Amino acid sequence: MKIAILNGSPKTGNTAAMANAFAEGAKEAGHEVEILHVGKMKIGGCLACEYCHGKGAGTCVQKDDMEKVMPAYKEADMIVYTSPIYYFGMTAQISAAIQRVYAIGKPAKAKKAALLLSAASPNPFSGAIATYKDMVAFTGMENAGIITASGDENGSAAKMAEIKAFAKAL
Ligand SMILES: Cc1cc2nc3c(=O)[nH]c(=O)nc-3n(C[C@H](O)[C@H](O)[C@H](O)COP(=O)(O)O)c2cc1C
């Protein structure tokens, strides 16, 4: 499979480590993996201008880093969303990247998705998980799995091994 990992963190930290562990496992299983650090990109929120559904014909009026993400939305067989929790949700950056798929409606080929979340406290994940599950169902993808890391689990050998094993078994 062609797998695109969208990492919503603006820094190279805990979720980047989760993305790397996933990529390592998936590559060992023979998959082609690309990590897109959308948290470090300049991606504006959807303007609801409907240019994409009119004369834009599937292209966005905003010319920004979303142009680096769109090829993944068109070609990936699986999309992995990874984000730190910011105030009980995914980051604004990955949320913008998720919502800008509006230009083409939904990921064109992806049939599978997964979610990797990192947070400081024990259980702030329910909002992000609910959003992810609804979005995945709406766009016709199957949820292959969700892994969270809290506090000391972040960066731990056990959590990295869990993520790697999950990716390897896809
Ligand atoms: C703006 C901001 C908001 C945050 N909100 C939460 C929160 O609501 N709950 C929580 O447990 N951790 C929260 N955190 C902590 C991060 O989720 C946590 O440090 C995470 O591991 C960071 O991942 P990263 O190193 O990939 O950026 C917040 C951090 C920041 C910077």
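Owing to the predicted nature of the structure, the values given are computational and were not obtained by experimental measurement.

1. Examining the overall build of the protein chain
Then, in step 1: Tallying secondary structure elements over the protein chain gives 5 helices and 5 strands in all.
Then, in step 2: Secondary structure of the protein chain in N-to-C order comes out as β-α-β-α-β-α-β-α-β-α.
Then, in step 3: Relative to the compact-globule value of 15 Å for 170 residues, the protein chain shows a C-alpha radius of gyration of 15 Å, a close match.
Then, in step 4: Taking all 170 residues of the protein chain together, 39% fall into the buried category.

2. Describing the pairing of strand 3 (residues 78-84)
Then, in step 1: Judged by how many residues are buried, strand 3 sits mostly within the fold: 7 of 7 residues are covered.
Then, in step 2: Every second residue of strand 3 is oriented toward a common face, with Met78, Val80, Thr82 and Pro84 on one face and Ile79, Tyr81 and Ser83 on the other, all of them buried.
Then, in step 3: As paired strands, strand 3 and strand 4 (residues 112-119) are joined by 7 bridges and run parallel to one another. Bridged to threonine 82 within strand 4 is leucine 116.

3. Some details on helix 3 (residues 92-99)
Then, in step 1: Along helix 3, 6 of the 8 residues are buried, which leaves the element largely enclosed by surrounding structure.
Then, in step 2: Considered for burial, the residues of helix 3 that qualify are Gln93, Ile94, Ser95, Ala96, Ala97 and Ile98.
Then, in step 3: Where helix 3 is buried, its residues meet strand 1 (2-7), helix 2 (66-75), strand 3 and helix 4 (126-138).

4. So, helix 4
Then, in step 1: Between its terminal C-alpha atoms helix 4 stretches 18 Å, which fits the 18 Å expected from 13 residues at 1.5 Å a residue.
Then, in step 2: Those residues of helix 4 that fall on the buried side of the exposure criterion are Ala128, Tyr132 and Val136. Looking straight down helix 4, one finds its buried side chains confined to an arc of 60°; they lie on one side. For helix 4, the exposed residues set more than 90 degrees away from the buried face come down to Ser126, Ala130, Asp134, Ala137 and Phe138.
Then, in step 3: Against the buried residues of helix 4 lie strand 3, strand 4 and strand 5 (142-150).

5. Some words on the site of the ligand
Then, in step 1: Near the ligand you find 17 residues, and of these Gly13, Thr15, Pro84, Ala119 and Ser121 are the closest.
Then, in step 2: Counting residues per element, the ones that place at least two in the shell around the ligand are helix 1 (14-28) and strand 4.
Then, in step 3: The greatest single-element share of the shell around the ligand, amounting to 3 residues, is contributed by helix 1.

6. A look at the nonpolar core
Then, in step 1: In this structure, Ile5, Leu6, Phe22, Ile79, Val80, Ala97 and Leu116 are the most contacted members of the largest nonpolar core, which totals 49 residues.
Then, in step 2: Per-element tally for this core: the top contributor is helix 1, with 8 residues.
Then, in step 3: Those residues in contact with alanine 97 that lie beyond four places of it in its chain are Leu6, Val38, Ile43, Met66 and Val69.

7. Description of the environment of isoleucine 98
Then, in step 1: If you trace the backbone, isoleucine 98 turns up in helix 3.
Then, in step 2: Note on isoleucine 98: 24 C-beta atoms within 10 Å, which makes it buried.

8. Some words on the pairing of strand 2 (residues 32-36)
Then, in step 1: Bridging between strand 1 and strand 2 involves 5 bridges; their strand directions are parallel. Paired with isoleucine 5 across the two strands is isoleucine 35, which belongs to strand 2.
Then, in step 2: After leaving strand 1, the chain enters helix 1 and then returns to the sheet as strand 2, a path that is right-handed.

Definitions and cut-offs
Residues numbered from 1 in each chain as written. Predicted model: local features only at pLDDT ≥ 70, side-chain atom pairs only at ≥ 80, totals over all residues. Helix = DSSP H or I, 4+ residues; strand = E, 2+ residues; numbered from the N terminus. Rg over C-alpha atoms; globule rule 2.2 N^0.38 Å. Buried ≥ 20, exposed ≤ 12 C-beta atoms within 10 Å, placed from the backbone. Pairing = 2+ DSSP bridges. Contact = placed C-beta atoms within 7 Å. Expected span 1.5 Å × (residues − 1). Arc of directions from axis to C-beta. Near = placed C-beta within 6 Å. Core = buried A, V, L, I, M, F, W, Y, C linked by C-beta atoms within 7 Å. Right-handed = clockwise from strand over helix to strand, strands pointing away.

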